[in-house]
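# Structural characterization, general
Take a look at the letters that make up each chain.
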Amino acid sequence: MIAYRLGNSLYLNVTNRCTNSCEFCIRKIADGVGGYNLWLEREPAADEVVDAVGDPTRYDEIVFCGYGEPLVRLDVVKDAGRRLKERGARIRVDTNGQANLFFGRNVVPELEGIVDAISISLNAENAEKYVKLCNPVFGERAYYAILEFAREAVKHIPRVTLTVVDLPEVDLKACEDIARSIGAGFRVRHHIRS
Ligand code: SF4
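Notes on the structure in this doc start here. (Residues numbered from 1 in each chain as written. Predicted model: local features only at pLDDT ≥ 70, side-chain atom pairs only at ≥ 80, totals over all residues. Heavy atoms only, no water.)

### Side note on the pairing of strand S1 (residues 3-6)
Relative to strand S2 (residues 9-12), S1 runs antiparallel, the two sharing four bridges. The residue of S2 that forms the bridge with Arg5 is Leu10. (Pairing = 2+ DSSP bridges. Helix = DSSP H or I, 4+ residues; strand = E, 2+ residues; numbered from the N terminus.)

Below you can see the structure in the form of structure tokens.
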């Protein structure tokens, strides 16, 4: 399933790859969300993504997400996102914020003018806790890269939100303070338990 509707938004599943293996990842307990199977047989090309949307103005938002980390497919997000935006879409990306580390360069300016909103998973108030919760392939460097990615995002993307999952071990107030200090919004996501 490439495109699936939840509420008034259309979600685009462009990859199953991710640089994390979060303890709370829904992929560990389910094959998808909303009754949709989100394991891809292969990653879709930009043309397929655009075709799967149809008329984007039927939705409040078109959201690049996963079942995985969408920005590992940066070129597809940029190409399909630009074409959908030209057709009137509002574009959001839900990301783990590690794209600059993944690509070895600052990719955030490349999203300017395409992406209207970005949700970045902060998930913890420090690097040590982040590693315990998210098992990033990059280790603690991932956490510092996320903070830097968020600082870049507020320069180039109109609406930036840092998010955390409501786990008891996470200091939500400290995470909110980090988000505010960067100039981003803050949102708590509900943990879906098995
Ligand atoms: S970053 Fe998202 S997709 Fe990746 S493992 Fe964590 S919750 Fe799952």
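### Remarks on the pattern of salt bridges
Tallying each qualifying case throughout the model produces 16 salt bridges. A salt bridge links Arg73 to Glu43; the nearest nitrogen and oxygen atoms lie 3.2 Å apart. Linking Arg73 in the loop between strand S5 (61-64) and helix H2 (74-86) with Glu43 in the loop between strand S4 (36-37) and helix H1 (46-53), this pair joins segments that are 30 residues apart in sequence. The class of Arg73 is buried, set by a relative accessible area of 14%. Of the residues examined, Glu43 reaches a relative accessible area of 27% and is grouped as partly exposed. Between Lys129 and Glu125 there is a salt bridge, with the nearest N and O atoms lying 2.5 Å from each other. Within this structure, Glu61, Arg92, Asp94 and Arg159 form a network of salt bridges that share partners. (Salt bridge = Lys/Arg side-chain N within 4 Å of Asp/Glu carboxyl O. Buried < 20%, exposed > 50% of the residue type's maximum accessible area, 1.4 Å probe, protein only.)

### Here's the deal with the nonpolar core
Of all hydrophobic cores here, the largest spans 56 residues; its most connected members are Leu12, Ile62, Phe64, Leu84, Ile118, Ile120 and Leu122. Looking at which element gives the most residues to this core, the answer is helix H5 (residues 141-156), with seven residues. Those residues in contact with Phe64 that sit more than four places away from it in its chain are Leu12, Val14, Val49, Pro70, Val77, Ala80, Gly81, Leu84, Ile91, Arg92, Val93 and Asp94. (Core = buried A, V, L, I, M, F, W, Y, C linked by side-chain atoms within 4.5 Å. Contact = heavy atoms within 4.5 Å.)

### Observations regarding the side chain of Asn20
With respect to the helices, strands and loops of the structure, Asn20 is situated in the loop between S2 and strand S3 (32-33). Side chain to side chain, Asn20 and Gln98 meet in a polar contact 2.9 Å long. A polar atom in the side chain of Asn20 sits 2.8 Å from the side chain of Tyr130. Contacts of Asn20, omitting those with residues within four sequence positions, involve Arg27, Asn96, Gln98, Tyr130, Cys134, Asn135 and Pro136. (Polar contact = N/O pair within 3.5 Å; in protein donor to acceptor, adjacent residues only side chain to side chain.)

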